[in-house]
Amino acid sequence: MKFLTFTDLHEDKVVLKELVKRAAQPDIDFIVCCGDISTFGRGLTLVFKSFEAVKKPFYVIPGNHEEGEILTKALTGFSNCHNFDRQAIKIEGYVFLGYGGGGFSVQDETFRKLARQWYGKYKEEKVILVTHGPPFGTALDLMGQKHVGNKDFRQFIDRIKPKIAISGHLHEAVGKMDTLGKTKLINPGWEGMVVELK
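Criteria and thresholds
Counting restarts for each chain: residues are numbered from 1 in the order of the written sequence. Residue-level local features of this predicted model are given only where pLDDT is at least 70; pairs of side-chain atoms are given and counted only at 80 or more, and the full residue set underlies all totals for whole chains, interfaces and linings. Where side-chain values are given, they derive from all heavy atoms of the structure, hydrogens and water being excluded. Remark: exposure states derive from per-residue accessible area (1.4 Å probe, protein chains only) relative to the maximum for the residue type, with buried under 20%, exposed over 50%, and partly exposed in between. Each helix is a run of H or I in the DSSP string that is no shorter than four residues. Each strand is a run of E no shorter than two, and both are numbered from the N terminus. Here a Phe, Tyr or Trp ring, Trp counted by its six-membered ring, pairs with any other such ring whose centre lies within 6.5 Å, and the pair is stacked when the planes are under 30 degrees apart, edge-to-face when over 60, and tilted otherwise. Lines are fitted to the C-alpha atoms to define the axes, a helix being fitted only along its stretch in contact, and any angle between axes, read from their N-to-C directions, falls within 0 to 180 degrees. To sort the angles, those under 35 degrees are grouped as roughly parallel, those over 145 as roughly antiparallel, those from 65 to 115 as roughly perpendicular, and the leftovers as oblique. Any two residues having at least one pair of non-hydrogen atoms within 4.5 Å are treated as being in contact. Amino acids are sorted into nonpolar (Ala, Val, Leu, Ile, Met, Phe, Trp, Tyr, Cys and Pro), charged (Asp, Glu, Lys and Arg) and polar (every other residue, Gly among them).

*Asks:* Looking at this structure, I do not really get unusual backbone geometry. What am I missing?
*Replies:* In terms of backbone geometry, most residues other than glycine have negative phi values and most peptide bonds are trans. Positioned with a positive phi, Arg86 is a non-glycine residue whose angle comes to about 60°. Overall, the relative accessible area of 42% leaves Arg86 in the partly exposed class. Here Glu92, not a glycine, exhibits a phi torsion of approximately 45°, which is positive. Residue position: Glu92 is located in the loop between strand S5 (87-91) and strand S6 (94-99).

Below, the structure is given as structure tokens:
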């Protein structure tokens, strides 16, 4: 099973065209996006129209540019595009947990409450965590010499040990990868990465 994942597109039409072209290839089963595909909502319809035409599931969480009802409203009428913010989606033996928005919050009480529920339900499952902001204290949250990621995301990763944690938000970390224990951390950037799950 392979999926294409990307983040922080910010309505770049040239990159969007390349992402759609890659998503349409027969080896890609679905697409996962970590948010900030728009510029404060502008350009969302074009992104959804483009991926709708691929006729594969497109799973997205909001970035800090799509907070509130922006994403939900823009998704109306698109049957292949799904907002999985604060939801769990099961795909072929894996559980994808989505949590969007924010970006610069070092702690998140709402996530902490949800994480307790998720841990109770999915601690024995193969988990893929998808957040907009990165976890704290890794190569994915370095801004200059300072770590600016989320400590609650980090704690959840340390506790539940997902197979992969995908995040974006920090343009300085585009394309970076790291590990926390056995968890692989990825910032796929706007050009995207292909992830294979076995």
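*Asks:* Would you mind going over the packing of aromatic side chains with me for this structure?
*Replies:* A ring pair, where both rings are aromatic, is described by two values, the distance of the centres and the angle of the planes. Overall, the coordinates contain 16 aromatic pairs when judged by the stated rule. An angle of 85° between the planes, with centres 5.6 Å apart, marks the rings of Phe30 and Phe96 as edge-to-face. Remark: Phe96 occurs in strand S6 and Phe30 occurs in strand S2 (residues 30-33); sequence separation between them is 66 residues. Both rings, one in Tyr99 and one in Phe111, keep their centres 5.0 Å apart while their planes meet at 70°; by these two values the pair is edge-to-face. Of the two residues, Tyr99 is situated in strand S6 and Phe111 in helix H4 (residues 109-122); the sequence distance between them amounts to twelve residues. Classification of Tyr99 by relative accessible area gives buried; the value is 3%.

*Asks:* What is the right way to look at the packing of H4 against helix H5 (residues 151-160) in this model?
*Replies:* For any two helices packed against each other, one specifies the crossing angle of their axes together with the interaxial distance. Two numbers describe how H4 lies on H5: the axes approach to 10 Å, and their chain directions differ by 10°. By the angle class used here, H4 and H5 are roughly parallel. On H5, the residues that touch Glu109, Phe111, Arg112, Ala115, Trp118, Tyr119 and Tyr122 of H4 are Asp152, Phe153, Phe156, Arg159 and Ile160. Tallied by class, residues from the contact of H4 with H5 come to eight nonpolar, no polar and four charged.

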